[in-house]
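These are the residues of each chain, in order.
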Amino acid sequence: MAAATSATALSIGSTACVGSIATSHANSKSFGVRFNSSNYLRRFSGLKAASSIDSEGDTSFLAKESCASIQKSFVSRAQKRNQRSWTYVQPQASYKVAVLGAAGGIGQPLALLVKMSPLVSALNLYDVANVKGVAADLSHCNTPSQVSNFTGDKELASCLKGVNVVVIPAGVPRKPGMTRDDLFNINASIVRSLVEAVADNCPDAFIHIISNPVNSTVPIAAEILKQKGVYDPKKLFGVTTLDVVRANTFVAQKKNLRLIDVDVPVIGGHAGITILPLLSKTKPSVTFTDEEVQELTVRIQNAGTEVVEAKAGAGSATLSMAYAAARFVESSLRAFDGDSDVYECSYVQSEVTELPFFASRIKLGREGVEAVVKSDLEGFTKYEEKALEALKPELKASIEKGINFVHKQPVAA
Ligand SMILES: NC(=O)C1=CN([C@@H]2O[C@H](COP(=O)(O)OP(=O)(O)OC[C@H]3O[C@@H](n4cnc5c(N)ncnc54)[C@H](O)[C@@H]3O)[C@@H](O)[C@H]2O)C=CC1
Ligand SMILES: O=C([O-])CC(=O)C(=O)O
């Protein structure tokens, strides 16, 4: 996949420059206050403003909010040339994203956030019902991507052709009193049939699985792709970004830190005790009492249930999930686009433990998972070591349940 770039040259004076780093895309200029691609990316990147820009004394809002990768490109170019006038090459919208389950509680706000991405040229929305109106509504936003809608089995192949990233939030959500595993009987079959279509129509795409129970639906997807002969473990992801988003939020609140500064890796899986926030690896470095570790860990593990109970039968997390999923899509697209500094936690095929799937922080590249961040996985506290051992039996059982589900009914070649 070639990362297309357009030579949009902005000649910029040094200290006033960052306020001018707005996308030059014609469609983008009249978006509210002014749609700004770097601003958008900055919000999702979780990365800090390049200090060399800050230190130049630019106090503009955009300077603080600009995308780190774009800033880095400015900084390195300026450093190379040792000059005060920088040239900026604007990434062009060039990637195709499909959302399967796009009319749902997650699907709709996720589609909106992906529609805002300056990197997306085509946004294909698929659902079994009600997707036409969602697409019509979204298509009026004057952002670059072309929105198309697809309904039902017959249109699924067209939805998937040529797509770079497929996001799957299709399936039923929990009600109070249910575990994520209680969704297995319905969602396993949904994920299975959707991944079969992905294998047939866009086998090279990154696949982001949101549908629960993620601990089992990702192994299901892997087995389907293997049976179809197109499994690339580097391109199959269980979306656990929401666990990181929650951990960052709760830790920042507890410790009175700036939200944008906090980063907590979350490993394991995506259900109850299989969600293991590594609080000892929090950045910036911060100390917690034993009580704080226990309280924060339990809150992060039960955050999904907190939302399910608050919604009282009307579903589970949708808005925060859409935010988290959009961040993961944006990270994938940045990696496709050649950014060599993209890291996210995700539930992937893994050799980190004896379990075949495990969430941990990975480096994303054009071909998917490039590396696992090993430093996160060294020097655990006693609490984390114990929690890691405790989660393994449950995660192992969920993985086996997913694998067995596929092997009982193998796909047609
Ligand atoms: N990974 C994570 O962190 C999170 C995962 N989830 C999971 O995401 C899933 C979706 O949640 P919501 O959007 O709230 O549910 P929802 O019920 O609001 O939406 C699901 C959508 O999927 C569609 N759908 C059902 N079968 C389909 C099929 N075969 N093909 C295409 N679309 C189909 C439905 O028509 C509906 O529009 C649930 O399984 C939920 O547990 C929810 C929050 C966080
Ligand atoms: O709790 C649920 O059922 C949905 C989910 O996975 C989450 O919010 O983390």
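Every chain's residues receive numbers from 1 upward, in the order its sequence appears when written. For this description, chains carry letters from A and ligands carry numbers from 1, given in the order in which they are written. Reporting of local features is limited, given that this is a predicted model, to residues whose pLDDT is at least 70; pairs of side-chain atoms are given and counted only at 80 or more, and all residues count toward the totals for whole chains, interfaces and linings. Computation of side-chain values: all heavy atoms of the structure, hydrogens and water removed.

### Looking at the overall build of the protein chain
Okay, step 1: Looking only at helices and strands, the protein chain has 14 helices and 11 strands in total.
Okay, step 2: When accessible area is computed with a 1.4 Å probe and restricted to protein chains, residues below 20% of their type maximum are described as buried, those above 50% as exposed, and intermediate ones as partly exposed. Here the protein chain, with 413 residues, has 55% of them falling under the buried criterion.
Okay, step 3: When the accessible surface of the protein chain is totalled, it reaches about 17500 Å², and 52% of it is carbon and sulfur. Per the convention used, a helix needs a DSSP run of H or I reaching at least four residues, while a strand needs a run of E reaching at least two, with both numbered from the N terminus. Using the Shrake-Rupley algorithm and a 1.4 Å probe, accessible areas are obtained, with residue cover drawn only from the displayed protein chains.

### Points about the site of ligand 2
Okay, step 1: With respect to spatial proximity, the complete set of residues near ligand 2 consists of Arg 174, Arg 180, Asn 212, Leu 242, Arg 246, His 270, Gly 304, Ser 316 and Ala 317.
Okay, step 2: Identification of polar contacts relies on pairs of N or O atoms within 3.5 Å, with a donor-acceptor requirement for protein atoms, meaning one able to donate a hydrogen and the other able to accept it, and with residues adjacent in sequence counted only if both atoms are side-chain atoms. The contact in question runs from an oxygen atom of ligand 2 to an N or O atom on the side chain of Arg 174, over 2.6 Å.
Okay, step 3: One of the side-chain N or O atoms of Arg 246 is found 2.8 Å from an oxygen atom in ligand 2.
Okay, step 4: Look at ligand 2: alone it shows 260 Å² of surface, and the protein chains cover 95% of it.
Okay, step 5: Where each domain starts and ends follows an automatic or database-derived domain assignment. Here the shell around ligand 2 spans two domains, and each of domain 2 (95-239 + 401-407) and domain 3 (242-398) adds at least three residues to it. Here a residue is considered near a molecule or strand provided that any single heavy atom belonging to it is located within 4 Å of it.

### As for the site of ligand 1
Okay, step 1: Lining the immediate environment of ligand 1, one finds 28 residues, of which Gly 105, Ile 106, Asp 127, Val 172 and Asn 212 sit closest.
Okay, step 2: Here an oxygen atom of ligand 1 and a backbone polar atom of Gly 171 are 3.3 Å apart.
Okay, step 3: Contact with the protein chains hides 85% of the accessible area of ligand 1, taken as 860 Å² for the molecule alone.
Okay, step 4: Looking at the shell around ligand 1, the elements that each hand over two or more residues are β2 (120-127) and α8 (184-201).
Okay, step 5: Considering every element that reaches the shell around ligand 1, the biggest residue donor is α8, with 3 residues.
Okay, step 6: Under the grouping applied here, Gly and all other residues not named as nonpolar or charged are polar, the nonpolar ones being Ala, Val, Leu, Ile, Met, Phe, Trp, Tyr, Cys and Pro and the charged ones Asp, Glu, Lys and Arg. Partitioning the shell around ligand 1 into residue classes produces 17 nonpolar, 10 polar and 1 charged.

### Regarding unusual backbone geometry
Okay, step 1: Residue Pro 213 follows Asn 212 across a cis peptide bond; omega there is 0°.
Okay, step 2: On the secondary structure map, Pro 213 appears in the loop between β5 (206-209) and α9 (214-227).
Okay, step 3: Here the bond from Lys 283 into Pro 284 is cis, since omega is 0°, no more than 30 degrees from zero.
Okay, step 4: When you line up the elements, Pro 284 lands in the loop between β8 (275-277) and α11 (290-301).
Okay, step 5: Phi at Asn 130 takes a positive value of approximately 65°, unusual for a residue other than glycine.
Okay, step 6: Structurally, Asn 130 can be placed in the loop between β2 and α6 (131-138).
Okay, step 7: The phi dihedral of Ala 312 falls on the positive side, at around 50°, and the residue is not glycine.
Okay, step 8: Counting through the fold element by element, Ala 312 comes out in the loop between α12 (303-311) and α13 (319-336).

### Brief notes about α11
Okay, step 1: Under the convention used throughout, the expected extent of a helix is 1.5 Å for every residue step, that is, one less than its residue count. Along its 12 residues, α11 runs 17 Å from first to last C-alpha, staying within 8% of the 16 Å computed at 1.5 Å per residue.
Okay, step 2: By the burial criterion, the buried members of α11 are Glu 292, Val 293, Leu 296, Thr 297, Ile 300 and Gln 301. Projection of α11 onto a plane perpendicular to its axis shows the buried side chains occupying an angular sector of 150°, all on one side.
Okay, step 3: The contact definition used throughout considers only heavy atoms, calling two residues in contact when any of these lie within 4.5 Å. Residues of α11 that are buried in the fold lie against α10 (241-255), β8, α12 and α14 (382-408). To be clear, the arc concerns the directions from the helix axis to the C-beta atoms.

### Some words on the UniProt feature "domain: Lactate/malate dehydrogenase C-terminal" (unreviewed entry) in the protein chain
Okay, step 1: UniProt positions are given in the numbering used here, feature names are shortened, and annotations may be inferred rather than shown by experiment. When the UniProt feature table is mapped onto this chain numbering, "domain: Lactate/malate dehydrogenase C-terminal" (unreviewed entry) sits at residues 240-405.
Okay, step 2: End C-alpha atoms of residues 240-405 are separated by 22 Å, and the span's content is 47% helix alongside 17% strand.

### A short note on the UniProt feature "domain: Lactate/malate dehydrogenase N-terminal" (unreviewed entry) in the protein chain
Okay, step 1: The residues that UniProt annotates with the feature "domain: Lactate/malate dehydrogenase N-terminal" (unreviewed entry) are residues 96-238.
Okay, step 2: End-to-end, the C-alpha atoms of residues 96-238 are 19 Å apart, and along that stretch the chain is 40% helix and 21% strand.

### Observations regarding α9
Okay, step 1: Between its first and last C-alpha atoms α9 spans 20 Å; for 14 residues at 1.5 Å apiece the expected length is 20 Å, and the two agree.
Okay, step 2: Of all 14 residues in α9, 12 are buried; the element is thus mostly enclosed.
Okay, step 3: Within the span of α9, buried status applies to Val 214, Asn 215, Ser 216, Thr 217, Val 218, Pro 219, Ile 220, Ala 221, Ala 222, Glu 223, Ile 224 and Leu 225.
Okay, step 4: Packed against the buried residues of α9 are α8, β5, β6 (236-238), β9 (342-349), β10 (357-365) and α14.
Okay, step 5: At the exit of α9 stands Gly 229, carrying a positive phi of roughly 75°.

### Let's talk about the domain arrangement of the protein chain
Okay, step 1: Structurally, the protein chain comprises domain 1 (1-91), domain 2 (95-239 + 401-407) and domain 3 (242-398).
Okay, step 2: Computed over C-alpha atoms only, the centres of domain 2 and domain 3 are separated by 21 Å.
Okay, step 3: Contact residues are listed per partner, giving 40 residues for domain 2 and 44 residues for domain 3.
Okay, step 4: What gets called buried area is simply the loss in accessible area from a 1.4 Å probe that two parts show on being joined, summed for both. Summed over both sides, the interface of domain 2 with domain 3 buries roughly 3500 Å², with 66% coming from carbon and sulfur.
Okay, step 5: Interface area lost by domain 2 to domain 3 is led by Arg 174, Arg 180 and Asn 215, which between them contribute 19%.
Okay, step 6: By definition here, a salt bridge exists when the distance from a side-chain nitrogen of Lys or Arg to a carboxyl oxygen of Asp or Glu is within 4 Å. Taken together, the connections running from domain 2 to domain 3 amount to 1 salt bridge.
Okay, step 7: Taking the shortest distance from any N to any O, the salt bridge between Glu 367 and Lys 235 comes out at 3.6 Å.
Okay, step 8: Applying the counting criterion to the domain 2 and domain 3 interface returns 18 residue pairs in polar contact (both at pLDDT 80 or more).
Okay, step 9: Counting residues per element, the ones that place at least two in the side of domain 2 that touches domain 3 are β1 (95-100), α5 (107-115), β4 (165-168), β5, α9, β6 and α14.
Okay, step 10: For the side of domain 2 that touches domain 3, the element with the highest residue contribution is α9, accounting for 6 residues.

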